[in-house]
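If you want the building blocks of each chain, they are given just below.
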Amino acid sequence: MQRSEEERFYMTCRAAYLSVFRSSLVNMTSKDQLCSVLQQAGRNPSQKALDKYWPPGTKKLNFDDFCEILKKEKTAEPDQLMRIFKEFDTNCDGYISHDELSRILTSSGEKMSPKEVDEVFSLADVNKDGKLDYAEFCRLLESTVEQCQTAALEKLEADAKLKRQNFGNQLDNSPQSLESQPELPASEIQPRTEPETTQRKDSRSSSRPSSARSRRSPLSTAITMGSGSTKSGRLAEPKSLQDWHHTLMRGCFYLEEDGTIVSLQYRLIIPETTSIYLTIRPLNLSPIPDKPSPWMCVDTALYVVTGNETKEDSNLVCFTELRDKERFLWRGELNAGSYLLLPFTTGCRLMKRTRKTTTKTAQLVNRTQSGELELTKEFKAALSEIFEVIDLDGSGLLSLEEYNFFEQRTSGEKCDEDAWAICKENFDTRKNELTRQGFLELNLMEANDREGDPRDLWLTLEAMGYNRSLEMVEACPFVIAVYCEDVKATLQAVHLDSGIKMLNSAVQRSITSKAEARSLKGHENVLVYTYKGESRISSVIANKSNQKVTVHINNEQSKNCVSSRGMSVFAVEVPARTKMVCQHVMALNEQQEWTYNCVETIIPSL
């Protein structure tokens, strides 16, 4: 059967890993090992990249970690390398001398020592004439990469035992979609929406020896969800909602290089106890009425907590558990006080995808007949979308605070009052705030400052979730609405360093407070909480023992589902006396019935 692009990617992951280690159960224990498996997969990671993936204090990474890293590490395309070499080919003769190469490698990027330069040149001087024929070098590099990948795949195909190992990956099923999984036998299908958790021996075949299987302790959970479950039967919007005080605030989920999802947080201040109606939904930016923005299918949620902004400790108050189409909502009463609103998305529909190398790069700037730079129509449209996203209060103007959230996201810096005053002098403003036209002028100035070089402009676009075709594919704008019956609340965007940890804690608590705990047979201190919401199923693994456990997760018998892990089979390592979100699962096609069938199994320590 022909494999999909994602399946081929995971075959490459497995082949590369098993070229270095005897089993995908073995952990990487050093930065050098990580470098080796990346090279086996055809990557050439920089020292900076390795330091990012293996920060100080890291003791080990597993196969799943490697798969996530490989998604982010691009292969060095020969055409890209050629363009880089040509920039440094001062004579334009197709060669780079030892002196030219030495100057480049010892003065820019990750600076090398002269000895290291000599070693590189001895390898790269393929014609042994004292000059680097970089076209020939690129061809040699491409051939070497292909040979490494081919050899690894051939080794995997030849060794059936290795091929059957399924820790943290899967063989014959799509890593992101479970739609193609076989349907469960009628006797195993559970009644609709009624969860049943059973402890039983797994009768399906396993690639592990029978002695290892006997030490496993499987726990099976099967839940069938109805089709078209986009509206809650318990939904009760207040009849007089239009008369309530309301505040709107925008934001955006951003998909980071390591696969985590981040956003701003919000401070909600309620002056006195009142009834609250709280909603969050994706923000539609499409100008075409019948063609909504592609991210409108992304699930959203809002967790309300109390706690200090500078500390990770917080108390979960409530979360938007109900659903009405693309809106998720909560209705209740909140006491007077200060609350933090933490936006959340599961990642089921906002995740890293395998990038297509054939994607055409859009043009950002042109030169007019008079030689002046101008922004292209496509780039202006993308900047207009970005303006809508960073205009948090929807006023049509950017305040200094709103602009600084944008600057923090794209450059990690802030604009002070003096710099903002210069912006107001040079670009179109109204009420001391930047207009949409002023924002376009600001970006045109940046293009002129770099004489039309688009590289910094692309860094900004990529930070905002755009690909090279100017499509927002790694971000999801959203809008929050707070309705108060008796008083007007204050809602303000904030950036919390502890925001992600606070959110993870709130998500865990929301699951464990709503779901029944089931222990794995023979491991009473390892509990699985499975929560069934309006449109998703989430699970938490709690390890109450004094030693770490590794839990093998198998979703292969699920139907029409997508997991936040991006794989149907993976493993989760849970440290001693901790809880960890295992996965979130949603329907791949909400117009069809979907079945969640998960088997959790303890993997014995090697």
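In the annotation of an unreviewed UniProt entry, the entry for the protein chain reads EF-hand calcium-binding domain-containing protein 7, and the organism field reads Cyprinus carpio. Entered under Subcellular location (unreviewed entry) in the UniProt record, the comment concerning the protein chain runs "Cell projection, Cilium membrane".

A. Quick look at the packing of aromatic side chains. Tallied over the full model, the rule gives 14 aromatic pairs. Seen from their ring centres, Phe 319 and Tyr 531 are 6.4 Å apart, and the 70 degrees between their planes marks the pair as edge-to-face. On the criterion of sequence distance, the pair formed by Phe 319 in strand β10 (residues 314-319) and Tyr 531 in strand β21 (residues 523-532) is long-range, its members being 212 residues apart. Taken together, Phe 387, Tyr 403, Phe 406, Trp 420 and Phe 439 form an aromatic cluster joined through their ring pairs. Cation over ring: Arg 468 sits above Trp 458, and NZ or CZ is 4.5 Å from the ring centre.

B. Expanded view of the nonpolar core. With 70 residues, the main nonpolar core has Tyr 266, Leu 268, Leu 341, Ile 386, Phe 439, Leu 461 and Ile 480 as its most contacted residues. Residue contacts for Ile 480: discarding those within four places in its chain leaves Thr 247, Leu 248, Met 249, Tyr 266, Leu 278, Thr 279, Ile 280, Leu 302, Leu 341, Pro 343 and Leu 491. Grouped together as the second largest cluster of nonpolar side chains are 46 residues, Met 28, Val 37, Ala 49 and Phe 570 included.

C. Summary view of the environment of Glu 573. By the secondary structure assignment, Glu 573 is in strand β25 (residues 569-574). Judged by relative accessible area, Glu 573 falls into the partly exposed class, the value being 28%. Separated by 30 residues in the primary sequence, Glu 573 and Ile 603 have C-alpha atoms spaced 9.7 Å apart. Setting aside anything within four residues of it in sequence, one finds Glu 573 in contact with Asn 27, Lys 60, Lys 548, Val 549, Thr 550 and Met 580.

D. Representation of the sheet that holds strand β26 (residues 578-587) in the model. If you walk across this open sheet you meet the five strands as β20-β21-β22-β26-β24, and the pairing is antiparallel. On the outer flanks of this sheet lie β20 (517-520) and β24 (561-563), each paired with one strand and no other. When the angles between neighbouring strand axes are averaged without regard to direction, this sheet yields 25 degrees. Inspection of the sheet shows β24 paired to β26 by three bridges, in the antiparallel sense. When the sheet's bridge partners are listed, Val 562 is paired in β26 with Met 586. In the packing of helix α16 (residues 499-514) onto the sheet, the strands contacted are β21, β22 (536-543) and β26, and the crossing angle to β26 comes to about 80 degrees.

E. Representation of the packing of helix α2 (residues 31-40) against helix α4 (residues 63-72) within the structure. α4 packs onto α2 with a crossing angle of 55 degrees between their chain directions and a minimal axis gap of 11 Å. When the axes of α2 and α4 are compared, the pair comes out oblique. By crossing handedness, the relation of α2 to α4 is classed as right-handed. When α2 is examined against α4, the residues Leu 34, Val 37 and Leu 38 are found in contact with a partner set consisting of Phe 66, Ile 69 and Leu 70.

F. Quick look at the sheet that holds strand β6 (residues 261-262). Ordered in space as β6-β5-β18-β8-β12-β11, the six strands form an open sheet in which the pairing is antiparallel. The open sheet has two edge strands with one neighbour each: β6 and β11 (322-324). Across two bridges, the pairing between strand β5 (residues 245-255) and β6 is antiparallel. Residue pairing for β6: Leu 255 is matched across the bridge by Ile 261. Sheet strands touched by helix α11 (residues 377-390): β5 and β18 (475-484). Its angle to β5, the strand with the most contacts, is close to 130 degrees.

G. Representation of the UniProt feature "domain: EF-hand" (unreviewed entry) in the protein chain within the structure. Mapped onto the present numbering, the UniProt feature "domain: EF-hand" (unreviewed entry) falls on residues 76-111, 112-147 and 378-413. Secondary structure over residues 378-413 splits into 67% helix and 0% strand, and the C-alpha atoms at its two ends are 27 Å apart.

H. Summary view of the side chain of Arg 250. As for its position among the elements, Arg 250 is in strand β5. When its relative accessible area of 16% is taken as the criterion, Arg 250 is described as buried. Apart from the residues within four sequence positions on either side, Arg 250 is in contact with Tyr 266, Leu 283, Glu 388, Val 389, Asp 391, Leu 392, Gly 394, Phe 478 and Val 479.

I. A look at α11. The end-to-end C-alpha distance of α11, which contains 14 residues, comes to 20 Å, matching closely the 20 Å that a straight helix rising 1.5 Å per residue would cover. Within the span of α11, buried status applies to Phe 379, Ala 382, Leu 383, Ile 386, Phe 387, Val 389 and Ile 390. All buried residues of α11 fall inside an arc of 160 degrees around its axis, so they share one side.

J. Up close: the environment of Glu 401. Note on placement: Glu 401 falls in helix α12 (residues 400-410). Distance in space between the C-alpha atoms of Glu 401 and Asp 416 is 9.9 Å, their sequence separation being 15 residues. Excluding anything up to four places from it in sequence, Glu 401 contacts Gln 492 and Ala 493.

K. Expanded view of the pattern of salt bridges. Scanning all chains against the criterion turns up 16 salt bridges. Note that Arg 323 and Glu 590 form a salt bridge whose closest N and O atoms lie 2.8 Å from each other. Here Arg 323, found in strand β11, pairs with Glu 590, found in the loop between β26 and β27 (594-603); they are 267 residues apart in sequence, far enough to count as distant. Owing to a relative accessible area of 6%, Arg 323 belongs among the buried residues under this scheme. Note that Arg 327 and Asp 324 form a salt bridge whose closest N and O atoms lie 3.1 Å from each other. Like Arg 327, the residue Asp 324 is buried in the burial classification. Several salt bridges converge on common partners, so that one network encompasses Lys 60, Lys 548 and Glu 573.

The rules behind these values
Residues numbered from 1 in each chain as written. Predicted model: local features only at pLDDT ≥ 70, side-chain atom pairs only at ≥ 80, totals over all residues. Heavy atoms only, no water. UniProt positions renumbered as here; feature names shortened; annotations may be inferred. Phe/Tyr/Trp six-rings, centres within 6.5 Å; stacked < 30°, edge-to-face > 60°. Helix = DSSP H or I, 4+ residues; strand = E, 2+ residues; numbered from the N terminus. Lys NZ or Arg CZ within 6 Å of the ring centre and 35° of its normal. Core = buried A, V, L, I, M, F, W, Y, C linked by side-chain atoms within 4.5 Å. Buried < 20%, exposed > 50% of the residue type's maximum accessible area, 1.4 Å probe, protein only. Contact = heavy atoms within 4.5 Å. Pairing = 2+ DSSP bridges. Axes fitted to C-alpha atoms, helices over the stretch in contact; angles between N-to-C directions. Parallel < 35°, antiparallel > 145°, perpendicular 65-115°, else oblique. Left-handed = near helix turned anticlockwise from the far one by under 90°. Expected span 1.5 Å × (residues − 1). Arc of directions from axis to C-beta. Salt bridge = Lys/Arg side-chain N within 4 Å of Asp/Glu carboxyl O.

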